[in-house]
Number of protein chains: 4
Amino acid sequence: MTLGIAVIGTGRMGADHVRRIDSVIGGARVAAVADLDLERAGAAAAGIEGCGVHTDPAAAMAAPGVDAVLIASSGPAHEAALLEAFARGLPVLCEKPLTPDPAGTLRVMEAERRLGRRLVTVGFMRRYDAEYQRLRLTLDQGELGRPLMLHCRHRNAKSPSFFTTEMLIRDSVVHEADATRWLLGQEITAVQVLRPRSTSYAPQGLGDPQLVLFETSGGVVVDVEIFVNCGFGYEVRCEAVCERGTASIGESGGLVTRAAGRAAHGIPQDFTIRFAGAYDREVQAWVDATRRGCVEGASTWDGYAAALVCEAGVRAQESGGRIEVELPERPSLYA
Amino acid sequence: MTLGIAVIGTGRMGADHVRRIDSVIGGARVAAVADLDLERAGAAAAGIEGCGVHTDPAAAMAAPGVDAVLIASSGPAHEAALLEAFARGLPVLCEKPLTPDPAGTLRVMEAERRLGRRLVTVGFMRRYDAEYQRLRLTLDQGELGRPLMLHCRHRNAKSPSFFTTEMLIRDSVVHEADATRWLLGQEITAVQVLRPRSTSYAPQGLGDPQLVLFETSGGVVVDVEIFVNCGFGYEVRCEAVCERGTASIGESGGLVTRAAGRAAHGIPQDFTIRFAGAYDREVQAWVDATRRGCVEGASTWDGYAAALVCEAGVRAQESGGRIEVELPERPSLYA
Amino acid sequence: MTLGIAVIGTGRMGADHVRRIDSVIGGARVAAVADLDLERAGAAAAGIEGCGVHTDPAAAMAAPGVDAVLIASSGPAHEAALLEAFARGLPVLCEKPLTPDPAGTLRVMEAERRLGRRLVTVGFMRRYDAEYQRLRLTLDQGELGRPLMLHCRHRNAKSPSFFTTEMLIRDSVVHEADATRWLLGQEITAVQVLRPRSTSYAPQGLGDPQLVLFETSGGVVVDVEIFVNCGFGYEVRCEAVCERGTASIGESGGLVTRAAGRAAHGIPQDFTIRFAGAYDREVQAWVDATRRGCVEGASTWDGYAAALVCEAGVRAQESGGRIEVELPERPSLYA
Amino acid sequence: MTLGIAVIGTGRMGADHVRRIDSVIGGARVAAVADLDLERAGAAAAGIEGCGVHTDPAAAMAAPGVDAVLIASSGPAHEAALLEAFARGLPVLCEKPLTPDPAGTLRVMEAERRLGRRLVTVGFMRRYDAEYQRLRLTLDQGELGRPLMLHCRHRNAKSPSFFTTEMLIRDSVVHEADATRWLLGQEITAVQVLRPRSTSYAPQGLGDPQLVLFETSGGVVVDVEIFVNCGFGYEVRCEAVCERGTASIGESGGLVTRAAGRAAHGIPQDFTIRFAGAYDREVQAWVDATRRGCVEGASTWDGYAAALVCEAGVRAQESGGRIEVELPERPSLYA
């Protein structure tokens, strides 16, 4: 069964989710979209077979073939959309924050409890990042011992014009709040914020960077540098300091452990790991080209040239000398 | 339009491609599978709606809804399957090598030329690896100047029992042969092989490692270490030495350039780059769970806990002091 | 003029300084040593021409040929030794801490002010570490903009048995206190300490690790992880977060900057930089061997073998082929 | 006994050795210098007590107090100087190459054999580089198994104007020739050179870069990239590929091993290792300043400020709160 999804909100995030469901991931289709801006909704749905276009989220959820809902509208619109999905018994993936304030989230939670079953998945996407998953696995395996501290860095090149000091916490550090809870399986029990002098590149009135400190129910201390105008790029790092070593992510593309006198990163044991993404992209690229009526990528000529090189290579292995490759002229079909 | 694909061969690679088309990538479905071993074909197709199961590749290609063919059968079976696909005018993605020897590839190429249009894409998957693509982009942008040398390492932890000295070239170094041609846009004109004393971990009769040397039509010298019993893991590295600097891939998850007195790697400028994979996996995981009738991932409770932490964080920003987080008991629904 | 030094205290640090002055650095000699344990003092001075051995620091300072004093005795003995050196007008290098508490240091400072000129250099050796020096130079050059935060890690594999929670600050974090002041040219204005649950590898009663937070007169926030039973090794790291980028030391042997979309480390421009230490060690090793009456290192035979290889190499350049090296039998003198 | 050294040749290398013996290393003094250019010799000897200045190497060697000879004159002058030292029975450290061609080296070797004892140490300084020493130790310890290949990179930013294609081998690759022999304890038995198209940044007539291939008596294959106009800096790298893993030096300041599924670098276990150089530089800097009549470095004020911060830190540990540091005004003596 292919899952039919109603996407509520087709702004930047929502339109990206429509594209993702339609042409990146498997097993699902976009059955309907809704946006207050009908034109924007239509643009997102363009070219998707059987995808209804609506301004009313409820209408999109009621459209034929809708099995589940993805909410990517603005924060204040989430609560109504969630309750609507609950009324229809539809599973929901809701972008964070669930609602703009804890009171709204509490109402949603109580409504879900009245249903007696979970319908909501919150879009804390770091839980799906390959490095975060490896970090959690490393902590769970226990070889490094119990975690004692987390050192986190959360850096954006530049904040959007509407960013406020509060949003440093609510929009940015909220990811570290969830990641801390998810990595450690502990609740955060106290928060403190140290505020250095601001960078001269921050807009007037924005206190940036800040050092946010969490204490957890298990006695872990977490420091988070949040710096949304760091200038040089987007960087999310986390080092877990444990009793027998540390594990870091986010520095140059992989998890590094420090233990027993060595800093190390793993080497994959197999091409299926190293090139997993390459295989996915290869087949996706071929499918995409074929749907457009094109043939792209390595051609029969490329296969032939490689075969001739290998032939020469095998003769070179045998002879110990230098073997020339005799390549005919390239046919015009493969120019 | 969803592309209907016939997958020929359902061994390790073929079965993996079936899984990929069915539940990882978008825009395609497995319409039919063929394998000499009918049971293996059936196992690969299990649970895929409307997927025919065949022993004869031609029958699979003739099945209703087949728009394209993916060939993952054993090498000697490729030529017949390719010609069959040509007869039906179906686009083909064919695993490398196209055929076991250059003579077969030449016959396939001539058949395709008689058709007068390209149908074949060869599965040289390194062309789709994110690092190789970044390396080629770096070379094409020209900031490092013209390439002069490539230093390649191709290491497997352990070779399969049936591996021969020839296969070092035909099965392994063939990837460097294609990558050299694709990265440089040049043909390989000569090959030489240096053979050090073999590792004592290689099976009797296998000369492993070897140093394979290519010369190209543009005067580039390429050295390839092929070592299929290196013991410690799977590693594919490439350093392109250019007139004004070098660019390396495969060492710790990213492209490193050396130029103008600095060794550097890029920092992504945006979360959509850093967490692209996380978003894809998140939505895929939610779709997969929903199709199974499950609700997994971050719950409303997680959203609520994060909201309370943020609330305390904003108060801590304002007060400068330590703010405790008042979390109610976790409802049993979210246990 | 060769500087005559009286070394006060010949325990671990003092004996090491005696060795350093005698046979590692240039321009100085050990003229006298003093230690309460006369035997230990004698052992340190063994084999050093004209080096007097004393139990009384004042007697060592009064010995003929003493131009300067190095104090490496235990902390409580520093004050008297410093005042003694002042009385004689001798320059002093004193191991940190100057005295065990601020009151003693104040008395020393007032005595030095009465002299009206500086005689004391305090042994904060991080100021002489090549990486710290590069970090400070990077900050001073100003390309990264004004510093906003320092993230410091200070890890020891295991604390000595007598270590106390206070010593975490007085013996360990004191280095970060000085490094902060020296790197930034700012005073520390407030301190706070967060204490996570202790590692189970810490001795009973020792709160380890801790997170120490400094605020400075220039509005910089500094966090210091001090962890003296981290188990895996000795590690001192520092990342300076500035307005336009960051600079880190201590991770794998060099300074890394993050700025303008790149993480980078410098590449030396010259062999005199890359191999400066090698040249020093080479000549030192030759001097040491010659003083012992030995000839070690690369021999005439090694020079001859290299010359024959080069000869073959030049012929190989010219011929394009493989040239064998004709090496005669190795003479027994060079066996 | 302080070793009296006659330095023959006071060009760039020789003058640097004079400085090194005089003020960097311990246990030796420059007793005499010789250079055809008397003014240059005098400049090198300026300020060194009792250092004679000569134009004739033999006169320098005959000067009072000369115990050993360091030859840093031009290559063609080495042979006569070596024979002169032999005549006087003086140990010699001779810069590479011993002589410009193998015939001269052979004559020197025969003269030394007639003496019946070794006097010569050749200045192959890589044997004293900390990373090369760690690499050799790693190979000797045998955990990685027998070496099978070495991959070497030898890059200079820019070649001097007088550099020739032959000098690529004789002046540059000669270091890899010695390093190969020293690391492996094997002789080089054959050489081959591959010459890619030259960089457009090489002077007319210079074939740069080149790939030099060595075979050794133990069956090891060595490839050396020599590139003396790489533009971006000076870089010397070496990866030893062994039966159970690899060990690399020269990439970012330390030895990296690949073995058993991990790429790792060691973490020092002790501050005496991490900060060994800092201690040496600290004491040398203090000696140098004191000889100049200066007092530099961390002052009593710095010691006092650090003590006050520690005092506040200990109170912060106890109280759990934020403690301000009460620093008095800085006395003018320490301004």
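Everything quoted here is computed from the prediction, not taken from an experiment. (Residues numbered from 1 in each chain as written. Chains lettered and ligands numbered in written order. Predicted model: local features only at pLDDT ≥ 70, side-chain atom pairs only at ≥ 80, totals over all residues. Heavy atoms only, no water.)

Participant: An account of the relation of the copies chain A and chain C is requested, with residue identities and associated values reported.
Facilitator: Between the two copies of this chain, the relationship is a rotation about some axis together with a displacement along it. Of the two same-sequence chains, chain A is brought onto chain C (RMSD 0.1 Å, axial shift 0.1 Å) by a rotation of 180°. Overall, the copies show the geometry of a two-fold rotation axis. Looking at the rotation axis and the C-alpha trace of chain A, the residue lying nearest is A:D223, at 4.3 Å. (Least-squares fit on C-alpha atoms with pLDDT ≥ 70 in both.)

Participant: Talk me through the sheet that holds strand 6 (residues 120–123) of chain C; I want residue IDs and the actual numbers.
Facilitator: Spatially, the six strands line up as an open sheet ordered 3-2-1-4-5-6 (chain C), and their pairing is parallel. Only two strands of the sheet have a single neighbouring strand rather than two, namely strand 3 (52–54) and strand 6 of chain C. This sheet shows a mean twist of 25° between the axes of neighbouring strands, independent of strand direction. Against the sheet, helix 4 (residues 78–88) of chain C touches strand 4 (68–71), strand 5 (92–95) and strand 6 of chain C, its axis set at about 175° to strand 5 of chain C. Lying on the sheet, helix 9 (residues 276–291) of chain D is in contact with strand 1 (3–8), strand 2 (28–34), strand 4, strand 5 and strand 6 of chain C; it crosses strand 5 of chain C at an angle near 155°. (Pairing = 2+ DSSP bridges. Helix = DSSP H or I, 4+ residues; strand = E, 2+ residues; numbered from the N terminus. Axes fitted to C-alpha atoms, helices over the stretch in contact; angles between N-to-C directions. Contact = heavy atoms within 4.5 Å.)

Participant: Pulling in residues and values, what's your account of the relation of the copies chain B and chain A?
Facilitator: The transform that puts chain B on chain A rotates by 180° and translates by 0.0 Å along the axis, for an RMSD of 0.1 Å. By residue overlap, the copies meet face to face through one surface: 100% of the interface positions of chain B are interface positions in chain A.

Participant: Break down the packing of aromatic side chains for me, citing the residues and quoting the values.
Facilitator: All names here are of chain A. One pass over the full model with this rule turns up four aromatic pairs over all chains. The interplanar angle of 55° and the centroid separation of 6.2 Å between the aromatic rings of W301 and Y304 together place this pair among those described as tilted. Placement of the pair is W301 and Y304 together in helix 10 (residues 300–319), with a separation of three residues, close to one helical turn. According to the relative accessible area criterion, W301 is buried, its value standing at 1%. (Phe/Tyr/Trp six-rings, centres within 6.5 Å; stacked < 30°, edge-to-face > 60°. Buried < 20%, exposed > 50% of the residue type's maximum accessible area, 1.4 Å probe, protein only.)

Participant: Can you break down the side chain of A:R126 residue by residue, with the values?
Facilitator: Tracing the backbone through its elements, the reader meets A:R126 in the loop between strand 6 (120–123) and helix 6 (130–141). On the basis of relative accessible area, A:R126 is assigned to the buried category, the value being 4%. Separated by 3.1 Å, the side chains of A:R126 and A:Y132 make a polar contact. Here the side chain of A:R126 touches A:E176 through a polar contact of 2.8 Å, side chain to side chain. Here A:R126 is in contact with A:Y132, A:H154, A:H175, A:E176, A:Y234, A:V236 and B:F275, once residues within four sequence places are set aside. (Polar contact = N/O pair within 3.5 Å; in protein donor to acceptor, adjacent residues only side chain to side chain.)

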